[in-house]
Amino acid sequence: MPDLSTIYQIISYILPFECLKAGFMQQAMIGLILLAPMAAVMGVQVVNFRMAFFSDAISHSAFAGVALGLIFSVSPHWTMPLFGLLVGLAIMAVQRKSTLSSDTVIGVFFSAVIAFGLAVVSRDRSVARDMQRFLYGDILTISNNDILFLLILFIALLIFQILSYNRLLYIGINPTLAKAHSIRVATYQYYFAGLLSLIVMFSVWAVGVLLVTAMLIVPAAAARNFARSAGAMFWWALLVSLTSAITGLIISAQDWANTATGATIILVACLWFMISVIFSFIRRDSVS
Amino acid sequence: MNKPDLLDKYADTAVSFESVTVEREGILILDNVTAMVPRGGCTAIIGPNGAGKTTMLLALLGEIQYKGFIHATCNINGRCSRIGYVPQRLTFDRGMPVTVTEFLAMGIQKKPLWFGVRNDMQKRSLAHLASVKSEHLAKRKLGALSGGEMQRVLLALALQQEPELLVLDEPASGVDFQGEYIFCELLDGLRKEKGFTQLMVSHDLATVTHHATHVICLNHKVAAQGPPRQALTNENLTAIFGMHMGMVDSRSMPDGSAICSGPCCSKDQDA
Ligand SMILES: Nc1ncnc2c1ncn2[C@@H]1O[C@H](COP(=O)(O)OP(=O)(O)OP(=O)(O)O)[C@@H](O)[C@H]1O
Ligand SMILES: [Mg+2]
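A quick note: this is a predicted structure, and the numbers were derived from the prediction, not measured. (Residues numbered from 1 in each chain as written. Chains lettered and ligands numbered in written order. Predicted model: local features only at pLDDT ≥ 70, side-chain atom pairs only at ≥ 80, totals over all residues. Heavy atoms only, no water.)

## Quick notes on the coordination of the magnesium ion (ligand 2)
Note the threshold: For Na, K and Ca the donor cut-off is 3.2 Å; for every other metal, N, O and S atoms count as donors within 2.8 Å. Water does not enter the count, which can leave sites looking incomplete. Under the scheme used here, helices are H or I runs from DSSP no shorter than 4 residues and strands are E runs no shorter than 2 residues, and both carry numbers assigned from the N terminus.
Looking at the magnesium ion (ligand 2), the protein donor atoms are Thr54 of chain B (OG1) and Gln88 of chain B (OE1), and they sit 1.9 to 2.2 Å from it. Here the residue Thr54 of chain B occupies a position in helix α2 (residues 53–60), and Gln88 of chain B occupies one in the loop between β5 (83–86) and α3 (100–105), the gap between them amounting to 34 residues.

Okay, structure coming up:
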C-alpha cells in the first residue's frame with residue numbers, strides 16, 4: 001500500500017473540519033481533489049464537442065463492465081475501466097466511419113451495454129444489490145490503490161491537456177478547418193475518447209452512474225457563462241469543480257445533512273451554475 | 001511513376017484532379033472530373049448551386065472519400081505541406097467563449113491557452129488581422145462576429161498558415177466593398193509577393209474575369225477549363241448555368257482593361 005499519510009496531514013491542516021479526522025474521509029477528499037479537476041477539464045471539451053451523451057453511454061457501460069468481471073471472475077476494478085475504454089473507442093470509430101448521426105450511433109451502443117449489464121445482473125439477486133453502489137457512487141470506500149491509480153491518471157491527463165488543449169479547442173470549433181490546417185484530428189479524437197472513458201469510469205465510483213455526466217458538464221457549463229475567453233474557461237471550470245467537491249463532501253458528512261456525497265457535490269455545482277446564469281444575464285444587460 | 005517523373009509531369013501544376021468521382025447516397029456529385037490548377041496562379045471554380053464545387057475542394061482537402069487521383073504538388077518536393085482554407089461558411093458553436101486572438105493562436109501556439117496567448121503570437125495575429133483591415137476584432141468574441149467579419153478573420157487564419165496553397169470557398173460572400181477589394185486585390189498582391197497558388201470558388205463572374213488566371217467551369221462534370229477569356233464563352237456559360245449569360249462579355253470582360261488590375265488582365269498572363 002502506498003504511503004499517503006503526509007498528504008492526509010496537509011489536508012487536515014488546510015481543512016480543519018471535525019469530519020475530516022476520519023481516515024476514510026481523508027481518502028475521499030484526496031480522491032475528489034484528484035477526480036473533480038480531471039472531470040471538469042475534460043468537461044470543457046465535452047461541452048465543446050457536444051459529447052454529453054457519449055459520456056452518458058460510457059458511464060452506463062459500468063454495469064456491463066462489472067458484469068464481465070463477474071463472468072470471468074476478474075476484479076471489477078479492472079474490467080470496468082477497460083470495458084469503458086473499449087466502448088469509448090468503439091463509439092468513436094463507428095461515429096467517424098458511419099454516416100449516421102452521432103447520437104444515433106451512441107444510442108445503439110448505449111442500449112447494447114445497458115441490456116448486456118442488466119441481462120447478467122438479473123441472473124443473480126445478490127449482484128443486483130451490489131449494483132446499487134454504482135447507481136449512487138461510493139467515494140467513501142475508495143482505497144489507497146484507487147488513489148494511486150487516480151494519481152497516475154491525473155498526471156497522464158495533465159500531460160495530455162498541456163499538449164492538446166489548444167488543438168482540441170480548434171477541433172471543437174470546426175474539425176474540417178482544423179484538419180485542413182494540418183491538425184491531426186483523428187489522433188486527438190481517439191486519445192480524447194480514451195482518456196474520457198477512463199475518467200468517466202472513475203467518476204462512476206465517486207458520484208455514481210446517474211450523476212457522472214453532471215460532474216463533467218455542470219462545471220464546464222458554469223465556466224462558459226463566467227468566462228470571456230477559452231483560457232479563462234479552463235480556470236473557471238477548475239474553480240467550480242474543486243469548490244463543489246470539497247464543500248459537497250463536507251456538507252454531506254454533517255449531522256444535519258447526512259446526504260449522499262455524490263448528489264451533494266452535484267447540488268453545490270448546480271448552485272454555481274445558477275449563479276453563473278444570473279451573472280451572464282447581468283453582464284449582457286450591462287453590455288447592451 | 002517514380003517521384004522525378006511525377007515532378008516533371010506536374011512541373012507547372014499545383015493540383016491536378018484525375019478522373020475524380022464522388023458519389024453520395026447514390027447520386028453522382030462529381031463525375032470523372034479531370035482538371036488542373038496551375039502553380040502560382042489564381043484558379044476559379046464556377047458553376048451553379050449544387051454543382052459540386054465545395055465537394056471538389058473537400059476531396060482535395062482529404063475530407064471526403066473519392067475515386068480517382070488528386071496530386072497536390074505545390075512545391076518542388078511535390079507536396080503541399082501548408083494549406084490555408086477559408087470555408088464557405090463556418091458552422092460552430094457560437095456560445096463558446098473564444099476570442100479572435102485565441103482563435104488565431106490555437107492552431108500554432110504550443111503553450112496551452114489557459115496561460116494566455118503569447119506576446120509574439122498576439123503581435124503576429126494582429127499583423128494578419130491588420131492585413132485584412134480587421135485589427136479592431138482582435139479582442140472580440142468569435143461567436144459575436146458578423147458574417148463578413150467572420151470571413152475576414154477566416155482569411156487572416158488561412159494567411160497565418162503561410163500557405164503554399166490557399167483554398168477559398170466563396171470567400172467574398174457577405175463581405176462589403178472594402179472586403180471584396182481585400183479578397184481580390186490584396187490576395188493578388190500577396191500571391192505575387194509570396195508565390196502561393198490560389199484556388200477559389202466564386203459566383204461573381206466579374207471577380208473571376210478580373211482576377212482569375214485559370215477557370216474551371218463545373219456542373220458535376222468539367223464543362224470547360226482554361227484562361228478566363230477562353231473558358232468563359234457564352235456557349236460554356238449557357239452549358240453549365242442553363243441560361244443565357246449575355247451580360248458577361250458586354251459588361252465585365254476585361255477588354256477595356258482600364259478597370260482591371262488583376263494579373264489575368266495583362267495579355268501575356270493569359271497565354
Ligand atoms: N453531406 C452530404 N451528403 C449528401 N449529399 C451532399 C452532402 N453535401 C453535399 N451534398 C450534395 O452534393 C451536391 C453538391 O454539393 P456542393 O456543396 O459541392 O455544391 P456547391 O457547388 O458548393 O454549391 P453552392 O454553390 O450552393 O455552394 C449537392 O447536390 C448536395 O445536395
Ligand atoms: Mg459550395
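Next, the rest of the story.
## Thoughts on the pattern of salt bridges
Residue and element names in this part refer to chain B. Rules: Salt bridge, as used here: a side-chain nitrogen of Lys or Arg that lies within 4 Å of a carboxyl oxygen of Asp or Glu. The rule is simple: take the accessible area with a 1.4 Å probe, protein chains only, and divide by the maximum for that residue type; under 20% is buried, over 50% is exposed, in between is partly exposed.
Within this structure, the stated rule accounts for six salt bridges over all chains. The closest approach of N and O atoms between Arg191 and Asp188, which form a salt bridge, is 3.0 Å. Residue Arg191 and its partner Asp188 are located together in helix α6 (residues 177–194), separated by three residues, close to a single helical turn. You can call Arg191 buried: its relative accessible area is 5%.

## Considerations on the domain arrangement of chain B
Reports of interface size often rely on the accessible area that becomes lost once the parts have come together. Residue and element names in this part refer to chain B. We apply this condition: Boundaries of every domain are those given by an automatic assignment or by a domain database. Throughout, buried area stands for the accessible area (probe radius 1.4 Å) lost by two parts on being put together, summed over both. Polar contacts here mean pairs of N or O atoms no more than 3.5 Å apart (in protein, one a potential hydrogen donor and the other a potential acceptor; neighbouring residues in sequence count only if both atoms are side-chain atoms).
Taken domain by domain, chain B comprises domain 1 (3–82 + 162–259) and domain 2 (91–161). Summed over both partners, the interface of domain 1 with domain 2 buries about 1,100 Å², with 64% contributed by carbon and sulfur atoms. The three residues of domain 1 that bury the most area against domain 2 are Glu162, Ile182 and Phe183, which together make up 36% of that side's buried surface. Remark: the boundary between domain 1 and domain 2 carries one salt bridge. The tally of links between domain 1 and domain 2 comes to five residue pairs in polar contact (both at pLDDT 80 or more).

## Quick notes on the sheet that holds strand β1 (residues 13–24) of chain B
Backbone hydrogen bonds hold the strands of a sheet together, and the pairing may be parallel or antiparallel. Residue and element names in this part refer to chain B. Keep this limit in mind: DSSP-based pairing: two strands are paired if at least 2 bridges between them are found. Only the contacting stretch of a helix is used when fitting its axis, a line to C-alpha atoms as for every element, and angles between N-to-C directions run 0 to 180 degrees. Contacts between residues were defined by any pair of non-hydrogen atoms, one from each residue, lying within 4.5 Å.
Read from one edge of the open sheet, three strands run β2-β1-β4, paired in antiparallel fashion. Lying at the two open borders of the sheet, with one neighbouring strand each, are β2 (27–38) and β4 (67–72). The mean angle between the axes of side-by-side strands here comes to 10°, regardless of whether they run parallel or antiparallel. In this sheet, β4 lies alongside β1 in antiparallel orientation, the contact comprising five bridges. What sits directly across from Ser16, in β4, is His71. The sheet contacts of α2 involve β1, β2 and β4, and relative to β2 the element is tilted by about 65°.

## Let's talk about the state of the cysteines
Residue and element names in this part refer to chain B. Going by this rule: When two cysteine sulfur atoms are found within 2.5 Å, that pair is recorded as a disulfide.
Summed over the entire model, instances satisfying the criterion amount to zero disulfides over all chains. No disulfide involves Cys184; its sulfur sits 8.1 Å from that of Cys42, the nearest cysteine. We classify Cys184 as buried; its relative accessible area is 11%. The thiol sulfur of Cys217 is not disulfide-bonded, and the nearest other cysteine sulfur, from Cys42, lies at 14 Å.

## Thoughts on unusual backbone geometry
All names here are of chain A. Unlike most non-glycine residues, Ser182 shows phi in positive territory, near 55°. Note that Ser182 resides in the loop between α8 (175–180) and α9 (185–207). Note on Ser182: relative accessible area 53%, which makes it exposed.

## A word on the side chain of Gln109 of chain B
By secondary structure assignment, the location of Gln109 of chain B is in the loop between α3 and α4 (119–131). Leave out the neighbours within four places in its chain, and Gln109 of chain B touches Asn166 and Arg167 of chain A together with Gly116, Val117, Arg118 and Met121 of chain B.

## Observations regarding the pairing of strand β3 (residues 42–46) of chain B
All names here are of chain B. Within β3, five of the five residues are buried, which leaves the element mostly enclosed by the surrounding structure. Taking every second residue as pointing to the same face, both faces of β3 are buried, with Cys42, Ala44 and Ile46 on one and Thr43 and Ile45 on the other. Relative to strand β7 (residues 197–201), β3 is paired through four bridges, and the arrangement is parallel. Bridge pairing in β7 places Cys42 opposite Gln198. Inspection of the sheet shows β3 paired to strand β8 (residues 214–219) by four bridges, in the parallel sense. Directly across from Thr43, in β8, lies its bridge partner His214.

## Side note on the site of ligand 1
All names here are of chain B. Basically, it comes down to this: One heavy atom within 4 Å of a molecule or strand is enough for the residue carrying it to be called near that molecule or strand. Using a 1.4 Å probe, the Shrake-Rupley method yields the accessible areas, and only the shown protein chains count as cover for residues. Put simply, Ala, Val, Leu, Ile, Met, Phe, Trp, Tyr, Cys and Pro go in the nonpolar bin, Asp, Glu, Lys and Arg in the charged bin, and everything else, Gly too, in the polar bin.
Inspection of the region around ligand 1 gives 14 residues, with Gly50, Lys53, Thr54, Thr55 and Gln88 positioned closest. Gly52 has a polar backbone atom sitting 3.0 Å from an oxygen atom of ligand 1. Thr54 places a polar side-chain atom, nitrogen or oxygen, 2.6 Å from an oxygen atom of ligand 1. When ligand 1 is considered free in solution it has 630 Å² of accessible area, and contact with the protein chains removes 63% of it. Of the residues forming the shell around ligand 1, the biggest block, three residues, is contributed by α2. Of the residues belonging to the shell around ligand 1, the class tally is three nonpolar, seven polar and four charged.

## Some details on the interface of chain B and chain A
Each side of the interface is counted separately: chain B has 35 residues, and chain A has 28 residues. Remark: the boundary between chain B and chain A carries one salt bridge. Among the salt bridges present, the one from Asp93 of chain B reaches Arg224 of chain A, with a minimum N-O distance of 2.9 Å. Counting the contacts that link chain B with chain A gives 13 residue pairs in polar contact (both at pLDDT 80 or more). For the side of chain B that touches chain A, the secondary structure elements donating two or more residues are β5, α3 and α5 (147–160) of chain B. Residue composition of the side of chain B that touches chain A, grouped by class: 21 nonpolar, eight polar and six charged.

## Comments concerning the sheet that holds β3 of chain B
All names here are of chain B. Strand order in the open sheet formed by six strands is β5-β6-β7-β3-β8-β9, and the pairing between neighbours is mixed. Edge positions in the sheet fall to β5 and β9 (221–226), since each of these pairs with one other strand and no more. With strand direction ignored, the average angle separating the axes of adjacent strands in the sheet is 15°. Along the sheet, α2 makes contact with β3, β5, β6 (165–169), β7 and β8, crossing β6 at roughly 150°.

## Observations regarding helix α9 (residues 234–241) of chain B
One turn of an α-helix holds 3.6 residues; hence residues three or four places apart share an orientation. Residue and element names in this part refer to chain B. As a reminder of what qualifies: Regarding the arc, it is the one traced by the directions from the helix axis to the C-beta atoms.
Within α9, burial applies to Asn236, Leu237 and Ile240. Down the axis of α9, the buried set is contained in an arc of 95°. They therefore lie on one face. Residues of α9 that are exposed and point over 90 degrees away from its buried face: Glu235 and Ala239. Of the residues flanking the end of α9, it is Gly242, one or two places downstream, whose phi is positive at about 70°.

## With respect to a nonpolar patch on the surface
As a reminder of what qualifies: Each patch is assembled from residues with relative accessible area greater than 30% and no salt bridge, linking like charges that lie within 9 Å and nonpolar side chains (Val, Leu, Ile, Met, Phe, Trp, Tyr) that lie within 5 Å.
On the surface, Leu148, Leu151, Ile152, Ile155, Leu158, Ile159, Ile162 and Leu163 of chain A cluster together into a nonpolar patch covering about 710 Å² of accessible area. Turning to its location among the elements, Ile162 of chain A is positioned in helix α7 (residues 144–173).

## Some words on the packing of helix α2 (residues 23–48) of chain A against α7 of chain A
Residue and element names in this part refer to chain A. Heads up, the rule is: In what follows, roughly perpendicular refers to angles from 65 to 115 degrees, roughly parallel to angles under 35, roughly antiparallel to angles over 145, and oblique to any angle outside these ranges. Helix crossings get a hand from a simple test, with the near helix turned counterclockwise from the far one by less than a right angle marking a left-handed crossing and a clockwise turn marking a right-handed one.
Running from N to C, α2 and α7 point in directions that differ by 20°, and their axes come no closer than 10 Å. Taken as axis vectors, α2 and α7 run roughly parallel relative to one another. Handedness of the crossing formed by α2 with α7: left-handed. Of the residues in α7, those touching α2 at Gln27, Ile30, Gly31, Leu34, Leu35, Pro37, Met38, Val41, Met42, Val44, Gln45 and Asn48 are Asn144, Ile147, Leu150, Leu151, Leu153, Phe154, Leu157, Gln161, Tyr165, Leu168, Leu169 and Gly172. Tallied by class, residues from the contact of α2 with α7 come to 17 nonpolar, seven polar and no charged.

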